[in-house]
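# Structure assessment
The lines below spell out each chain.
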Amino acid sequence: MQPARITISGGFITLIAILYLFDANNLLPLLAITALAHELGHVLLIWALGGRVLRLHLGLVGLCIDYEGQGIGYLGEVAIALAGPLANLALAYGASLWGRHTGGETAFFLAGISLGAAVFNLLPIGQLDGGRGLYGILAYTLGPAVAGRVDRVLGGVLIVALFAAGLTLFFWSGWNFTLLTAAIWLLIGYCKSRGSAVQYAVTHF
């Protein structure tokens, strides 16, 4: 079996540099652990279902896993999509137990970040796991054409709502740009996916 190719874009390097620049609380290592657990959940389930990871691409809109697997089907893709958030929930639970036994503040920070990542990724937006899971369920029950339309409309509406909420929080809280940054990141991914044909035969995470 050939190993998966790993590619890194300039946008990803820029993103990490920006995160490092504004990381006053040294949370970047905890973010990296959270992301690693999330992607490992996807990869392990791809392997468990008989799939093969072709490429790992680190880009401006996150990590993209290209895989192939005969017989996985839409329901298998739903399971693969949900494996990432479930891995984050497991990490959050384990980190909270670790924090209770050691009293370490770092463990509770890790639990909170991992829980937040799980909840965020379950939003029904196309480039997030919740959106991919919803697409798989709708494609299985109603067909890919209906699933694609729901994905485009629901994703667009939710991103606009998040952007509006992010702007409100930005001015109301005294320049807290966390939610606004997440909304802009989702908007970039949404526009990129609309500008090219989205192929679900090879699923991207």
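Residues numbered from 1 in each chain as written. Predicted model: local features only at pLDDT ≥ 70, side-chain atom pairs only at ≥ 80, totals over all residues. Heavy atoms only, no water.

With that settled, the discussion passes to the environment of Leu 115. Looking at where Leu 115 falls in the secondary structure, it is placed in helix 4 (residues 105–121). Overall, the relative accessible area of 43% leaves Leu 115 in the partly exposed class. Along the backbone, Leu 115 and Leu 89 are 26 residues apart, and their C-alpha atoms lie at a distance of 5.8 Å. With near-sequence residues (within four places) excluded, Leu 115 lies in contact with Leu 89 and Ala 92. (Helix = DSSP H or I, 4+ residues; strand = E, 2+ residues; numbered from the N terminus. Buried < 20%, exposed > 50% of the residue type's maximum accessible area, 1.4 Å probe, protein only. Contact = heavy atoms within 4.5 Å.)

Following the criterion strictly, the structure yields 2 cavities of 30 Å³ or more and no others. By volume, the largest cavity is sized at about 40 Å³. Taken together, Pro 124, Gly 131, Leu 134, Tyr 135, Leu 138, Ala 147, Val 150, Asp 151 and Leu 154 form the lining of the largest cavity. Contributions of two or more residues to the lining of the largest cavity are made by helix 5 (129–142) and helix 6 (144–172). Of the residues belonging to the lining of the largest cavity, the class tally is 7 nonpolar, 1 polar and 1 charged. (1 Å grid on protein atoms, 1.4 Å probe; cavity = no way out; pocket = protein on both sides within 12 Å on 5 of 7 lines; lining within 4 Å. Points joined across faces, edges and corners; volume = space filled by probe spheres on them. Nonpolar A, V, L, I, M, F, W, Y, C, P; charged D, E, K, R; others polar.)

Another aspect to go through is the packing of helix 5 against helix 6. When two helices pack together, their arrangement is given by the angle between their axes and by how far apart the axes lie. At a minimum axis separation of 7 Å, helix 5 and helix 6 run at an interaxial angle of 145°. Note on packing geometry: the crossing formed by helix 5 with helix 6 is right-handed. Residues Leu 134, Tyr 135, Leu 138, Ala 139 and Leu 142 of helix 5 form the contact with helix 6, whose participating residues are Pro 144, Val 146, Ala 147, Gly 148, Val 150, Asp 151 and Leu 154. A breakdown of the residues in the contact of helix 5 with helix 6 according to their chemical character gives 10 nonpolar, 1 polar and 1 charged. (Axes fitted to C-alpha atoms, helices over the stretch in contact; angles between N-to-C directions. Left-handed = near helix turned anticlockwise from the far one by under 90°.)

What follows deals with the side chain of Thr 34. As for its position among the elements, Thr 34 is in helix 2 (residues 28–48). With a relative accessible area of 4%, Thr 34 lands in the buried category. Once residues lying within four places of it in the same chain are set aside, the contact partners of Thr 34 are Asn 88, Leu 91, Leu 110, Ile 113, Ser 114 and Ala 117.

Okay, the environment of Leu 75 next. Turning to its location among the elements, Leu 75 is positioned in helix 3 (residues 73–102). Take Leu 75: its relative accessible area is 46%, and that puts it in the partly exposed class. Taking the C-alpha atoms as reference points, Leu 75 and Ala 139, 64 residues apart in sequence, are found 9.2 Å from one another.

A few words now on helix 3. In this model, helix 3 (30 residues) spans 44 Å end to end at C-alpha, consistent with the 44 Å of a helix rising 1.5 Å per residue. A maximum bend of about 30° is found in helix 3 at Ala 83, where proline Pro 85 lies one to four positions downstream. (Expected span 1.5 Å × (residues − 1). Bend = angle between axes of the 7 residues up to and from the residue.)

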